[in-house]
Amino acid sequence: MPIIASEKELSVYENMAARFDVAAAKLGLDEGFQKVLRHPSKEITLYIPVMMDSGSIEVFVGYRVQHSIVRGPGKGGIRFAPDVTLDEIRALASWMTWKCAVVNIPFGGAKGGVVCDPEKLSRRELEAITRRYTAELLDYLGPERDVPAPDLGTNEQVMAWVMDTYSMHVRHTSTAVVTGKPLDLGGSRGRREATGRGCLIVADQALQRLRLNREEQRVIIQGFGNVGSIAAKLMQETGYRIVGVADIHGGIYNPKGIDVPKLINHALEAGQISGFPGCDPVDPMQILFQDCDIAIPAAVENVITSHNADRIKARIIIEAANGPTTALADDILAEKKVFVVPDILANAGGVTVSYFEWVQDRQGYFWSESMVNERLEQMMVASFNDVLGYAERHNVSPRIAAYMLAIDRVAFALRLRGLYA
Ligand code: NAD
């Protein structure tokens, strides 16, 4: 039975909502609660004026969407990209609510973004955008309110500016207002690697379920930023063969395997992965459809759609990116018997260690890297088993199971809290 019967691909938010509707119906969630949980609780649009290096003034559009604070403070990254839309941030905020509930951490969901191209901005211009964005959101952010983190186009430095701006206004250093910070400013060991490490953990779990070996797995990764490059490195170190990689500028493919540490150095020097010796060039949007056993989208949304899902050759998809597969493509992948580890589970390693960072900041006591990685592994494996167990019990896909598990947990908390009127 298809999730939606229309030929039209949906917007990013509509793709989230399509899965929400199916999962909520399967749970028998009452109509009123469905209305509450389908929509965000707050959406803020900002117009951020910045004096550019040229002396001219530009105005950048920014967003912060808080989907739910039912289980705890809002949690979610800040995205800097030229094509950011409110629809996309709204979807990403909802996914944060479901993701935090899937791994059972005491956060709600939020997400932010600024329409800008960080590759074309100077460091000073980026800092100005970040500080003004943070200052405008002062009433909404805070360790107990809403805790941002890095996402596409943002990094530890941007988080340091968010932390400093917030701290200057509240008149004390508040490290727990943001996660993904540099280690010296209250960051957590293992946070930078956490999302990629989480992908490795769930890939291993998927192999166990399917009785497959790491050594036989040829892996392709779209996106070579924080998540993609670290997933590639950790997976190669543990025996997987990385045969294809792409960033926004281009893709490369080598069936014999790519030396990931050398590729990371090449990308640092050249600013892109294209031109890495010994590989065939591939269009970045075609990389996931090359011959491989595991495909890992780790870049942007809506890259596996009803128009191309039949061209997937992989047996397993690990959704490192948020929303890489459209709702219509789900059915095609299911028919092909592709084992999909859904985004709200597969990339939850990042928010899990963000939670550890928030806990460490509030305690003022910092953990060793091995402790972080051990606890991450325990939580990811437990969540993987929760989701797969739910899928078997309810006879649904792992994606719908992950939504059902998450919605059930959030609805339970909402029922206990009640509606304040
Ligand atoms: P990043 O900015 O560090 O890297 C993004 C990478 O994707 C870059 O290599 C970029 O060139 C590439 N890219 C962008 N558009 C592309 C395209 N059309 N085709 C091919 N490559 C393209 O971002 P990131 O932090 O690695 O995030 C990647 C994805 O993972 C996003 O969907 C993000 O929401 C998701 N995610 C990130 C985290 C985290 O901890 N950083 C956590 C959970 C989910």
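The structure presented is a predicted model; accordingly, all values stated were derived computationally and were not measured.

## Section: the overall build of the protein chain
On a plain count of helices and strands, the protein chain comes out with 13 helices and twelve strands. What you see for the protein chain is a C-alpha radius of gyration of 20 Å, in line with the 22 Å of a compact globule of 421 residues. Its C-alpha atoms put the protein chain at 55 × 55 × 45 Å along the principal axes. Pairs at least 24 apart in sequence give 68% of the contacts found in the protein chain among residues at least 6 apart. As displayed, the protein chain offers around 17600 Å² of accessible surface, 51% of which is attributable to carbon and sulfur atoms. Taken together, the 45 basic and 51 acidic charged side chains of the protein chain have centroids lying 4 Å from each other.

## Some thoughts on the domain arrangement of the protein chain
Put simply, an interface is often sized by how much accessible area is lost when its parts join up. By the assigned domains, the protein chain splits into domain 1 (37-175) and domain 2 (194-341). Using only C-alpha atoms to locate each centre, domain 1 and domain 2 end up separated by 27 Å. Of the residues lining the interface, nine residues belong to domain 1; the matching set on domain 2 comes to six residues. When domain 1 packs against domain 2, the two sides together hide about 520 Å² of surface, and 44% of this comes from carbon and sulfur. On the domain 1 side of the contact with domain 2, W95, E119 and L152 bury the most area, a combined 54% of that side's loss. At the boundary of domain 1 and domain 2, one finds one salt bridge.

## Some points on the site of the ligand
For the ligand, the set of nearby residues contains 23 residues, the closest of which are D151, T195, N226, A299 and N322. T195 places a side-chain nitrogen or oxygen 2.7 Å from an oxygen atom of the ligand. For the ligand, whose unbound accessible area comes to 830 Å², protein coverage reaches 86%. In the shell around the ligand, the residues fall into eleven nonpolar, eight polar and four charged. Counting the residues that make up the shell around the ligand, at least three belong to each of domain 1 (37-175) and domain 2 (194-341).

## Structural notes on the packing of helix α3 (residues 86-102) against helix α13 (residues 398-417)
Contact geometry for α3 and α13: axes closest at 8 Å, N-to-C directions at 90°. By the angle between their directions, the pair α3 and α13 is classed as roughly perpendicular. Along the contact surface, α3 presents W95, T97, W98, A101 and V102, while α13 presents A402, Y403, L405, A406, I407, R409 and V410. Residue composition of the contact of α3 with α13, by class: ten nonpolar, one polar and one charged.

## Observations regarding the side chain of D146
Its place among the elements puts D146 in strand β5 (residues 146-150). There is a polar contact of 2.7 Å between the side chain of D146 and the side chain of R64. Reaching out from D146, the side chain makes a polar contact with the side chain of Q66 at a distance of 2.8 Å. Apart from residues lying up to four places away in sequence, D146 is in contact with R64, Q66, P73, G74, K75, A110, Y140, L141 and V177.

Each value, and the rule that gives it
Residues numbered from 1 in each chain as written. Predicted model: local features only at pLDDT ≥ 70, side-chain atom pairs only at ≥ 80, totals over all residues. Heavy atoms only, no water. Helix = DSSP H or I, 4+ residues; strand = E, 2+ residues; numbered from the N terminus. Rg over C-alpha atoms; globule rule 2.2 N^0.38 Å. Contact = heavy atoms within 4.5 Å. Areas by Shrake-Rupley, 256 points an atom, 1.4 Å probe, with all protein chains shown as cover. Lys, Arg positive; Asp, Glu negative; His and termini not counted. Charge placed at Lys NZ, Arg CZ, Asp CG, Glu CD. Domains from an automatic or database assignment. Buried area = accessible area lost by both parts, 1.4 Å probe. Salt bridge = Lys/Arg side-chain N within 4 Å of Asp/Glu carboxyl O. Near = heavy atom within 4 Å. Polar contact = N/O pair within 3.5 Å; in protein donor to acceptor, adjacent residues only side chain to side chain. Nonpolar A, V, L, I, M, F, W, Y, C, P; charged D, E, K, R; others polar. Axes fitted to C-alpha atoms, helices over the stretch in contact; angles between N-to-C directions. Parallel < 35°, antiparallel > 145°, perpendicular 65-115°, else oblique.

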